[in-house]
Structure formats: structure tokens, C-alpha cells
Amino acid sequence: ATGSMEAAAGEKAGGGRNGHAEGPAAERGGGGRLKGCQGFLRRNALVLLTVSGVVAGVALGAAVRGAELGPAQVVYLAFPGELLLRMLRMVILPLVVCSLVSGAASLDTRSLGRLGGIAVAYFLGTTLLASGLAVALGFIVRPGSGASALNAPGLGLPGAVPTRKETVDSFLDLVRNLFPSNLIAAAFQTYTTDYKMLLRNTTSGNATWERVPVGTQIEGMNILGLVLFALVLGVALKKLGQEGEDLIRFFNSFNEATMVLVSWIMWYVPIGIMFLVGSKIVEMEDIVLLVTSLGKYIFASILGHFIHGGIILPLIYFAATRQNPYRFLLGLITPFATAFATCSSSATLPSMIKCIEENNGVDKRISRFILPIGATVNMDGAAIFQCMAAVFIAQLNNVDLNPGQIFTILVTATASSVGAAGVPAGGVLTIAIILEAIGLPTNDLSLILAVDWIVDRTTTVVNVEGDALGAGILNYLNEKANKEKEQELKEVNVEAVANSKSEGETSPLVTHKNQVSNASSPADPESKESVL
């Protein structure tokens, strides 16, 4: 009995000790979970704030919409969002020029040519795939058939249709903008062809009007010319060697300072996005009429963006890298939200460079080389939008597209998306080129402009997603090539060491050295004399 009482007392004491020991452990476990939550919130604060800004913007727009604000009040409501756009556009010029110069100068000429070739093939391939997908969806969904309420008042935007422009002049303007005559003017002006009518008297005495192309400068950054100049300048500085190192260091420092500015601007993004989205919802006039009349067109365009951005592009990334593409895209929620709110690939570029380097670990030389080029020439979402608009207008006018016209749409959309401005509604002007190429009227473009503010958001998200996945693929291929080079160097070193220790050495220099060392031994003086 005494033994059992002692055992029970011991168990009680042990239980007490265990209970005392479990208390601090439980406290430590709770504290660890709390610290983990705090660390997660600290790491993803910007993403959470940006998504909250979009949601708050929708709520703000829905709440203020009933107040029936006038145009002046809507402008005041959009003022914080306007500040965000102005700040992002402010850093585009130094970011594009400095990042491309430093990126081109940091890569050797062989790597630059290889990566550039892969990038061009990727951009052209994905844009052609996007164009083909849009045309196929257009024939399946048939967005232009049965659109009866399109002539209702308030749908079109009167006076918003661009002037008719020849297809040849559009492509010539693209080449002219690649070589700007004035670099300073290229920072804020773009060359475009306009037309004027000249009265000419013929020999028979009849007067005829002739449409003559005239070159003009319009407001807007000539990003194509700046990109080409920065790339060539970076290669030239690399060729200079030591003489160009000071200027390369200057552009590198300028680039890093610009990225610091971008990191500061990023904390204002949630506030700006909230007011941008809210003011756009307040501006909507009759959303019900738009959706009922152009709902099939809106649905077909957004479905094309979803299939291309959610399935085709991730599959291409997976096929090239054998890595999870959705984990890669998860680190880019902030630039995607910025693209959705601003509808501008160029304005999204600063946040995209920052997030793809910090969250996804892409090499700075790759991201700052490929992302500015991609923001200029890679427009997958715009190609879908333009091809869908062309098929929609053809069906609206009861025109059956033949295989030649379909091929013209694919080629023209792929080529004209390169010259599409990375600004809101930049792709609408290039639709006129496609319509002219296949002989369709441009009068119905006002309908496209009426819903452009909806479709342009998913268009921009797909554009920047294509750039980001392209940078991820190039980064993977570059790392793989570097590892192969290192492995080859190791194998060469191992072979050299093994050969130097082998008896049957074939190199005459090593043979003579071995003979001298063997002959110099005192045991064989005759051999020493003969060698000497």
C-alpha cells in the first residue's frame, strides 16, 4: 500500500512537472504562430493592400454612383488616381533607357544575340497564337450575329473614329519611329502620317482632289525609338571596354536610383487604384444597355484573354522550364492589379521589374533587358482584342471572311500590335489598320471604343503576363547555359590534372620536362649529359 501511494505521488508530481513544462511550450507555439502571421503580413502587405484597393474602389464607385455627380466632381474624385498615373509615367523614360543600356552592356555579345533571338521567337509565337485563338473564338461564339440594339442612342462614341489611314503608311511610320530624328523629341513626341487634300488641274482642264500623306508629330513617347537606341548604345559601350565602364556605371547607378523611387511609389498604388476604379465606375452611363447589346463581344474577348493567359502561356512556361507557372505568377499580383487599374503596360513596367526580381528571383540583367522590350513589342492581349474586334465588325456587317482575309487579319494584327502604344486604348487605333487591310468600314469602331474601358483591363493584364513569363523562361535558359559552361570548365580542369600525372604524356613540353627531371637524378649521369 505504501509503495502504491508513493507511485501515485510520483505520478502526480511528474504530471505536475509535465504540466508546468507544457505551459511555456504552448506559449512558445502560440508566439511562433503569431510571429509567422506577422511575417506573412509584412512580406505580402503590398499585395494585400493592392487587392483591397481594387475592392474598395468598386465599393466606392457603387456608393458614389447614386449621388449623380457632375463631370467636375468626377474629375475631382479621380484626382488621386491621376497622381498615380503621372508618377508611374514619370519614371518610365529613365527606367527604360537606363535598364536597357545597363542590361545590354552587362551581357556579352554572344549571350545578347542568343537571348534576343529567343525573345523575338517567343514574342512572335505567342502573339500569333493569341491572334489565331481570337479568330477561332470569333467564329465559335459569333459575337456580331444578332446584335440588334447596337443602333440605340448612347452606345457609340460620336467623333471618336480615327481618320482612315493607309496600311502601308502605318508600317512605314513604325519603321520611322524606330529611328527618331531627335532623341529629345522622342521622349514626348511620336511620328505619324496625316493626310491633306491638294487640288490639281489636269491637262484636260478638270480639277481633281488628291490625298497626299504628310508627316506630323503627335504627343506621346516614342518608346520604340528609345528602346532601339538604348540597346545599341549598351552594345557600343560594351565594345569600348575600359573607356565605356564609367558611363556603364553611371547608367547602373541611375537605374538603381530609379528602382528606389519605384519602391516608394508602390506604396501609393493601393490608394491610386481605389480612386481610379471608383471614378471609372461612376463615369459609366448605361452599363445594362452595353452588356445586353455588346455582351457577346465582351464575353468572347475576356474568354480569349482567360484561355490565353490562364492556360496557353502557363503551358508554354511549363514546357520550357518544367516549373509550376502559377507559383511564378503568384508573386506578380501587385503588377497585375496595377495593369488592371491603369490599363497601361508602360505604367505597369516599374512595379513589374521590382516584383519579378524580388519575389521570383529573376536575374536583373534578364529582367531589365527583356521587360522594357516586352512592354513595347509584346502585345498578346492586344492581338486578341484586335482580331476579335475585326471578326465582330465583319459579322456585324454580314461579311463572310474568306481564308485570305483571315490570314491578313493574323499577320496584320501580329505586326500592328508591335506598334500599339502601351497606353489606355492604344490598340483601338491599330484596329483601323486591320479593317482597312481586309476592306471593312471603320465607322463601327465607335462601338469598340464604347466597351474598350472594360476589355482593355484584361487586355493589359495578359500583355504584362506574357512579358513576365517570357522573362522567366529566358532566366531559366540563361541559368541552364551558365551551369553547363561551369560543368565544362570543371571537366577540362580535371582532364588537365590527370594528363599532367600520366606516364604516356603526348605534349612535347611536358615530355621534355619529365626527361630533364628524370635525367637530373645522380643515379644516371650519362642520361643527364645526353639531355644537356
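Residues numbered from 1 in each chain as written. Predicted model: local features only at pLDDT ≥ 70, side-chain atom pairs only at ≥ 80, totals over all residues. Heavy atoms only, no water.

An unreviewed UniProt entry lists the protein chain under the name Amino acid transporter, from Psilopogon haemacephalus.

A full pass over the atoms with the stated rule returns three cavities of 30 Å³ or more. The volume enclosed by the second largest cavity comes to roughly 50 Å³. Surrounding the second largest cavity, Ser-345, Thr-348, Leu-349, Met-352, Leu-371, Ala-375, Val-464 and Asp-467 form its lining. Elements represented by at least two residues in the lining of the second largest cavity include exactly α15 (345–358), α16 (364–377) and α20 (445–501). It is α15 that contributes the most residues to the lining of the second largest cavity, four residues altogether. Taken together, the residues of the lining of the second largest cavity sort by class into five nonpolar, two polar and one charged. (1 Å grid on protein atoms, 1.4 Å probe; cavity = no way out; pocket = protein on both sides within 12 Å on 5 of 7 lines; lining within 4 Å. Points joined across faces, edges and corners; volume = space filled by probe spheres on them. Helix = DSSP H or I, 4+ residues; strand = E, 2+ residues; numbered from the N terminus. Nonpolar A, V, L, I, M, F, W, Y, C, P; charged D, E, K, R; others polar.)

On the surface, Phe-40, Leu-41 and Leu-48 cluster together into a nonpolar patch covering about 280 Å² of accessible area. Given a relative accessible area of 48%, Leu-41 falls into the partly exposed group. (Patch = residues over 30% accessible without salt bridge, like charges linked within 9 Å, V, L, I, M, F, W, Y side chains within 5 Å. Areas by Shrake-Rupley, 256 points an atom, 1.4 Å probe, with all protein chains shown as cover. Salt bridge = Lys/Arg side-chain N within 4 Å of Asp/Glu carboxyl O. Buried < 20%, exposed > 50% of the residue type's maximum accessible area, 1.4 Å probe, protein only.)

Moving on, we get to the UniProt feature "transmembrane region" (unreviewed entry) in the protein chain. Following the UniProt record, the feature "transmembrane region" (unreviewed entry) maps to residues 45–67, 87–107, 119–141, 220–237, 258–277, 297–316 and 328–349 here. Spanning residues 258–277, this segment combines 90% helix with 0% strand, and its end C-alpha atoms are found 27 Å apart. (UniProt positions renumbered as here; feature names shortened; annotations may be inferred.)

As a volume, the second largest pocket reaches approximately 520 Å³. Along the wall of the second largest pocket there are 23 residues; nearest its centre are Val-120, Val-227, Leu-231, Ile-373 and Val-377. Among the secondary structure elements, those contributing two or more residues to the lining of the second largest pocket are α6 (109–141), α7 (167–178), α9 (223–240), α16 and α18 (403–418). Here the element with the most residues in the lining of the second largest pocket is α6; it accounts for seven residues. Along the lines of polarity and charge, the residues of the lining of the second largest pocket split into 18 nonpolar, five polar and no charged.

Moving on, we get to helix α14 (residues 333–342). Working note: α-helix, 3.6 residues per turn, so residues spaced by three or four point in the same direction. The element α14 is largely enclosed, with a buried count of eight among its 10 residues. Every buried residue of α14 is listed here: Thr-334, Pro-335, Phe-336, Ala-337, Thr-338, Ala-339, Ala-341 and Thr-342. Positive phi shows up at Cys-343, right after α14, with a value of about 55°.

Tracing the backbone through its elements, the reader meets His-308 in helix α12 (residues 287–321). His-308 has contacts with Thr-126, Leu-129, Ala-130, Leu-133, Leu-313, Pro-314, Asp-380, Ile-384 and Val-462, leaving out every residue within four places of it along the chain. (Contact = heavy atoms within 4.5 Å.)

Turning next to the confidence of the model for the protein chain. Averaged over every residue, the pLDDT of the protein chain is 79; residues scoring 70 or more account for 78%. Predicted confidence is poor over residues 151–161, with pLDDT under 50, and the contacts of this stretch with residues over four places away or in other chains come to 20 contacts. Long-range and interchain partners of residues 502–523, a stretch whose pLDDT sits below 50, account for 11 contacts in this model, where long-range means more than four residues apart. (pLDDT = per-residue confidence, 0-100.)

A complete count under the given rule lists five aromatic pairs for this structure. Summarising the aromatic geometry, the rings of Phe-250 and Phe-251 are spaced 5.3 Å apart at their centres and angled 65° between planes, so their arrangement reads as edge-to-face. A residue is classified by how much of its surface remains accessible, and Phe-250, at 44% relative accessible area, is partly exposed. Ring centres of Tyr-317 and Phe-328 lie 5.1 Å apart, and the angle between their planes is 35°; this geometry places the pair in the tilted category. Here Tyr-317, found in helix α12, pairs with Phe-328, found in helix α13 (residues 325–330); they are 11 residues apart in sequence, far enough to count as distant. Of the two residues, Tyr-317 and Phe-328, both sit in the buried class. Through pairs of rings, three or more aromatic residues link up here, namely Phe-250, Phe-251 and Phe-254. Lying across the ring of Phe-318, Arg-322 places its NZ or CZ 5.7 Å from the centre. (Phe/Tyr/Trp six-rings, centres within 6.5 Å; stacked < 30°, edge-to-face > 60°. Lys NZ or Arg CZ within 6 Å of the ring centre and 35° of its normal.)

With that out of the way, let us pick up the environment of Thr-192. You can see Thr-192 is positioned in strand β1 (residues 189–201). A relative accessible area of 15% means that Thr-192 is categorised as buried. Along the sequence, Thr-192 and Asn-177 sit 15 residues apart, while their C-alpha atoms lie 8.5 Å from each other.

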